[in-house]
Amino acid sequence: MSARQVTLAEVARQAGVSLATASRVLNGSTRQVSGDLSERVLRTAEELGYVPNASAQALARNSSSLVGLVVHDITDPYFSCIAAGVTRVAEEAGLVVVLGTTGRRPEREAELLSTLRAHRARAVVLAGSRTTDRAAQARLAAEIDAFTEQGGRVACVSQAKLGTDTVVPGNRAGGRALARALAGLGHKKFAVLGGPSELVVARDRLAGFKAGLADAGVAPPVVVNGAFTRDGGYEAALELLASKSRATCVFAVTDVMAMGAMAALRERGVRVPEDMSIAGFDDIPTLRDTVPALSTVRLPLEEMGEIAAGLVLDGGRDEARTVRVAGEVVLRASTAHN
């Protein structure tokens with residue numbers, strides 16, 4: 001049988017103060033209580049074993065010790081690396097991170113932000129691509145306004161489209177640099193496993209890659225769209241093979257898709273890189289176990305999470321800040337000279 005929980009009213013009665021005074025002391029209200037009274041209430045609470053109510057504390061302070069983190073898919077190493085960076089900074093500040101996942105449904109972001117606002121979260125980091133769904137983005141922007149009017153702060157790891165502090169990965173520039181590097185290996189025929197067309201990150205990486213090929217005087221690639229998952233890359237690669245494409249090099253717009261594509265090629269007897277080269281984007285940690293080692297564009301994922309958390313926890317500014325993070329092309333064994 002569990003022990004009975006001591007109430008705030010009992011602490012107030014034992015300390016000889018009003019309930020309001022006890023609440024101000026123990027729930028961290030901004031309204032001041034004299035030193036003697038405060039000390040008496042705190043001593044009584046300790047003697048009785050009183051445990052403050054987190055919701056009451058949040059109401060009194062108009063904020064809590066919670067930091068929300070909203071990602072599209074926590075099983076994707078891209079997001080788990082960003083989450084590690086956010087968590088590290090928040091915990092060093094004595095705060096608790098609450099995780100929400102959208103399942104890549106744009107409307108879910110606004111729902112989760114609304115829930116975090118109800119719990120008076122101090123700050124929220126939204127990690128994940130913006131979408132071309134204007135109605136969903138408008139609902140999210142309205143929810144961000146409501147959250148910030150309540151005193152909270154929001155930062156994004158995505159494209160700077162919501163008027164918040166934003167960490168912007170170098171998606172377009174990274175795709176362009178990768179295309180130039182691969183064309184420099186002698187490849188003339190390319191294919192792209194392009195991801196969902198409604199995600200801005202997929203569009204940006206594809207647009208950058210096309211621009212890089214144009215820079216090198218190479219024809220535009222064949223594009224096959226698929227889900228932003230391992231299975232999406234697998235299915236897109238099978239579709240590419242079925243089309244009898246003569247591409248000698250394939251760019252998958254995420255490493256996770258590239259890993260699925262490599263599995264499909266291996267099953268169909270297509271050797272990487274002897275028969276077909278392949279490259280990805282992000283440089284997720286699980287690539288260390290991929291054979292052959294995957295060429296990619298490296299993003300400092302944990303650092304991006306740390307930067308985003310730092311932006312929302314530094315006290316804030318009136319104007320939105322944008323931090324741009326460049327990608328670095330890394331050529332490995334999965335791409336060979338043609």
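Residues numbered from 1 in each chain as written. Predicted model: local features only at pLDDT ≥ 70, side-chain atom pairs only at ≥ 80, totals over all residues. Heavy atoms only, no water.

1. Considering the packing of helix H6 (residues 106–118) against helix H7 (residues 134–149)
- Direction vectors running N to C along H6 and H7 enclose 15°, while the axes themselves pass 8 Å from each other. Between H6 and H7, the interaxial angle falls into the category roughly parallel. Crossing of H6 against H7: the hand is left-handed. Residue-level contacts link Pro106, Glu107, Glu109, Ala110, Leu113, Ser114, Leu116 and Arg117 of H6 to Ala136, Arg139, Leu140, Glu143, Ile144, Ala146 and Phe147 of H7.
- Residues belonging to the contact of H6 with H7 are distributed by class as follows: nine nonpolar, one polar and five charged. (Axes fitted to C-alpha atoms, helices over the stretch in contact; angles between N-to-C directions. Helix = DSSP H or I, 4+ residues; strand = E, 2+ residues; numbered from the N terminus. Parallel < 35°, antiparallel > 145°, perpendicular 65-115°, else oblique. Left-handed = near helix turned anticlockwise from the far one by under 90°. Contact = heavy atoms within 4.5 Å. Nonpolar A, V, L, I, M, F, W, Y, C, P; charged D, E, K, R; others polar.)

2. Looking at the domain arrangement of the chain
- Under the domain assignment used here, the chain contains domain 1 (8–52), domain 2 (63–169 + 302–325) and domain 3 (171–299).
- The distance between the C-alpha centroids of domain 1 and domain 2 comes to 35 Å. (Domains from an automatic or database assignment.)

3. Thoughts on the sheet that holds strand S2 (residues 96–101)
- A sheet is described by the order of its strands in space; here six strands give the open sequence S2-S1-S3-S4-S5-S11, paired in parallel fashion. Edge positions in the open sheet fall to S2 and strand S11 (322–325), since each of these has one partner strand only. Across the sheet, the mean angle separating the axes of adjacent strands is 15° when strand polarity is ignored.
- Across four bridges, the pairing between strand S5 (residues 165–169) and S11 is parallel. When the sheet's bridge partners are listed, Val168 is paired in S11 with Arg324.
- Helix-sheet contacts for helix H5 (residues 77–92) involve strand S1 (66–71), S2, strand S3 (123–127), strand S4 (153–157) and S5, and the interaxial angle to S1 is about 170°.
- On the sheet, H6 packs against S1, S2 and S3 and is oriented at approximately 170° with respect to S1. (Pairing = 2+ DSSP bridges.)

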